[in-house]
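Structural overview
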Amino acid sequence: MDEVLRALIAIPSTQRLFNPYRDHNPAVEGPSAPRIRCQNLRIYLEATPPGTPLWLGEAQARRGACRTGIPFCGELALPRLGLPLIQPTNEALPDGPTARAIWDAAPDPLPLFWNAVSQHPHRGDGRTRSPTAAEIVVNLPVLRALIAWKRPSRILCIGRIAERAARDLPVPATYVRHPAQGGLQQFRIGAAAFIEQSD
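Some words on the overall build of the protein chain
Counting its secondary structure elements, the protein chain contains seven helices and six strands. Tracing the protein chain from N to C terminus, the helices and strands come up as α-β-α-β-α-α-β-β-α-β-α-β-α. Taken over C-alpha atoms, the radius of gyration comes to 15 Å for the protein chain, in line with the 16 Å a tight globule of 199 residues would show. Structurally, the protein chain occupies a C-alpha span of about 45 × 35 × 35 Å along its principal axes. Expressed as a percentage of its 199 residues, the buried residues of the protein chain come to 51%. A separation of at least 24 residues holds for 63% of the contacts in the protein chain among residues at least 6 apart in sequence. As displayed, the protein chain has an accessible area near 9400 Å², and 52% of this comes from carbon and sulfur atoms. Mean positive and mean negative side-chain charge positions of the protein chain (23 and 17 charges, respectively) differ by 4 Å.

Dropping the structure here:
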C-alpha cells in the first residue's frame, strides 16, 4: 500500500496535469484535501480483496478521483462504497457520464477501480483531455505496484489508452469500448461479457 501511495505522491502536477494526492485546488477545497484523498484511497484499497478483477480507466475526470481520491467516484458516490470515507471538497458534485456508465455496468461485488493515469489531465480550464503517452509511462510504476499488491485475476481495459497501459502487465487483459463519444452501448455489451467470464 505504501509503495502505491509513494509512487502516486511522487508525480508532480503541471500546468495541464493535476495530482490530487499531492496538491489541492483552493477554489474547491482546503489544504488538507490531498491528505484526505490519500486516506480515502488507503481505506478503499485495503477494503478490496486481493484477486478482485480490475476495471482500468484512462485517467481521472474532473468530477471523480481528482476530488475524492477514489477512481470513478465523485462525492455523491462515496456512500455507495460503504466505507468510512471523507469528502475532501467544499461541495458535492454528481458523477460524470463515464463514471455513471461504469457504476451502472459494475457487478456486485464491485471490481477494483483504477486509472492508467492517476491524475487529472486538463486543458487549463478544468476540462478533461486525453493523457499523453509520457503521462501514461510516468504512471506505469504506480500501476505495477498496485498489480503486485492486489494481484487482480484479470483486467477490463476501458478504452484504448487503458489497453495500452495494460499491454505489458502480467495479468490477462480484455479491451472494451470506452462509453464516451457514442460508445455506451458497446461498453455495456463488452462489460457484461467480461462479467460473465469466470475468473
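Back to the text.
Comments concerning the state of the cysteines
Applying the stated rule across the entire model yields zero disulfides. The structure places no disulfide on Cys38, whose sulfur is separated from the nearest cysteine sulfur, that of Cys66, by 14 Å.

Remarks on the packing of aromatic side chains
Tallied over the entire structure, the rule returns two aromatic pairs. Grouped by ring-pair contacts, the aromatic residues Phe72, Trp103 and Phe113 constitute a single cluster. Note that Lys150 overlies the ring of Trp149, its terminal NZ or CZ placed 4.3 Å from the centroid. Over the ring of Tyr175 we find Arg160, and its NZ or CZ is 3.5 Å from the ring centre.

Regarding unusual backbone geometry
Cis rather than trans, the peptide bond between Asp108 and Pro109 has omega equal to 5°. Following the sequence through the fold, Pro109 ends up in the loop between helix H4 (97-105) and strand S3 (112-117). A positive phi is found at Arg151, a non-glycine position, where the angle reads about 45°. Of note in this structure, Gln181 is not a glycine but carries a positive phi near 55°. Assignment of secondary structure puts Gln181 in the loop between strand S6 (173-176) and helix H7 (184-196).

Quick notes on the pairing of S3
Of all six residues in S3, six are buried; the element is thus mostly enclosed. Bridge analysis of strand S2 (residues 54-59) against S3 gives five bridges, and the strand direction is parallel. Bridge pairing in S3 places Leu54 opposite Leu112.

Brief notes about the environment of Ile147
Mapped onto the elements of the fold, Ile147 is located in helix H5 (residues 133-150). Classification of Ile147 by relative accessible area gives buried; the value is 6%. When near neighbours in sequence (up to four residues on either side) are disregarded, Ile147 contacts Leu54, Pro152, Ile155, Leu169, Pro170 and Val171.

A closer look at the environment of Ala191
Relative to the helices and strands, Ala191 is located in helix H7. Distance in space between the C-alpha atoms of Ala191 and Pro170 is 21 Å, their sequence separation being 21 residues. Apart from the residues lying within four places of it in its own chain, the contact partners of Ala191 are Trp55, Ala105, Leu156 and Val176.

Each value, and the rule that gives it
Residues numbered from 1 in each chain as written. Predicted model: local features only at pLDDT ≥ 70, side-chain atom pairs only at ≥ 80, totals over all residues. Heavy atoms only, no water. Helix = DSSP H or I, 4+ residues; strand = E, 2+ residues; numbered from the N terminus. Rg over C-alpha atoms; globule rule 2.2 N^0.38 Å. Buried < 20%, exposed > 50% of the residue type's maximum accessible area, 1.4 Å probe, protein only. Contact = heavy atoms within 4.5 Å. Areas by Shrake-Rupley, 256 points an atom, 1.4 Å probe, with all protein chains shown as cover. Lys, Arg positive; Asp, Glu negative; His and termini not counted. Charge placed at Lys NZ, Arg CZ, Asp CG, Glu CD. Disulfide = S-S within 2.5 Å. Phe/Tyr/Trp six-rings, centres within 6.5 Å; stacked < 30°, edge-to-face > 60°. Lys NZ or Arg CZ within 6 Å of the ring centre and 35° of its normal. Pairing = 2+ DSSP bridges.

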